[in-house]
Amino acid sequence: MYLPTYNELYMKKRYGWLLGITFFVWSLIILMILFVDPEKVSALEYLLPGVLVYLGLFFLLSILTMSSKRALLWSSVLLIAFYLRLWGLGSYLNLLLLLGVAGSVEIYYFK
C-alpha cells in the first residue's frame, strides 16, 4: 500500500490553493471587462486592471510552468507589452523585442 509523503501532500495542498486564487482573479478580470465602462475610466484608474491582469497572468503562468521565477518574468513582459499598446507605443516589433529580451534572460539565468 502506497502512502504519500508529507511533501507530496503539501504540494497538492499548495497547488489547490493556487488554482483557487487563479480562478478568483480571472473571474474578477471577467467581471471588470463586463461591468466597467472604458469611457469613464481615467488614466490613473488603469492601475487596478493592470494589477489584476498581472496577478492573473502570474498565477496562470506559475501553474503552467511550475516556476514562480519564470512566471514573474513572462507576466512582467506581457504586462509591459499591454501597457505599451494601451499608450499607443506598442507594435509587433516592440513585442518581438520584449520577447527576445525575456528569452535571453531566461536562457542566461534559468538554464
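Our subject is the structure listed above.
Treat the numbers as computed from the prediction; the structure is a model and nothing was measured.

A. Structural context of the overall build of the protein. Helix and strand counts for the protein come out as four helices and zero strands. In sequence order, the secondary structure elements of the protein are arranged as α-α-α-α. Counting only residues that meet the buried cut, the protein has 21% of its 111 residues in that class. Considering only contacts in the protein between residues 6 or more positions apart, those separated by 24 or more positions represent 61%. Total accessible area on the protein stands at roughly 8700 Å², and carbon and sulfur atoms take up 74% of it.

B. Fine view of the environment of Leu57. Assignment of secondary structure puts Leu57 in helix H2 (residues 47-65). Considered as a pair, Leu57 and Leu72 are 15 residues apart in the sequence and their alpha carbons are 8.8 Å apart. Apart from residues lying up to four places away in sequence, Leu57 is in contact with Trp26, Ser75, Leu78 and Phe82.

C. Looking closely at the packing of aromatic side chains. Applying the stated rule across the entire model yields three aromatic pairs. A ring pair is formed by Tyr108 and Tyr109, whose centres lie 4.9 Å apart and whose planes are at 85°; its orientation type is edge-to-face. Classification of Tyr108 as exposed rests on a relative accessible area of 63%.

D. Here's a closer look at the environment of Phe23. Mapping Phe23 onto the fold places it in helix H1 (residues 6-35). Take Phe23: its relative accessible area is 64%, and that puts it in the exposed class. It is 8.4 Å that separates the C-alpha atoms of Phe23 and Gly56, two residues lying 33 residues apart in sequence.

E. Just the nonpolar core, in detail. Counting residues in each nonpolar core, the largest one holds eight residues, listed as Val25, Ile29, Met32, Leu52, Phe58, Phe59, Leu61 and Ala71. Take this core: its biggest share by element is four residues, from H2. If we ignore the near neighbours within four places in the chain, the residues touching Met32 are Leu48, Pro49 and Leu52.

What counts, and at which threshold
Residues numbered from 1 in each chain as written. Predicted model: local features only at pLDDT ≥ 70, side-chain atom pairs only at ≥ 80, totals over all residues. Heavy atoms only, no water. Helix = DSSP H or I, 4+ residues; strand = E, 2+ residues; numbered from the N terminus. Buried < 20%, exposed > 50% of the residue type's maximum accessible area, 1.4 Å probe, protein only. Contact = heavy atoms within 4.5 Å. Areas by Shrake-Rupley, 256 points an atom, 1.4 Å probe, with all protein chains shown as cover. Phe/Tyr/Trp six-rings, centres within 6.5 Å; stacked < 30°, edge-to-face > 60°. Core = buried A, V, L, I, M, F, W, Y, C linked by side-chain atoms within 4.5 Å.

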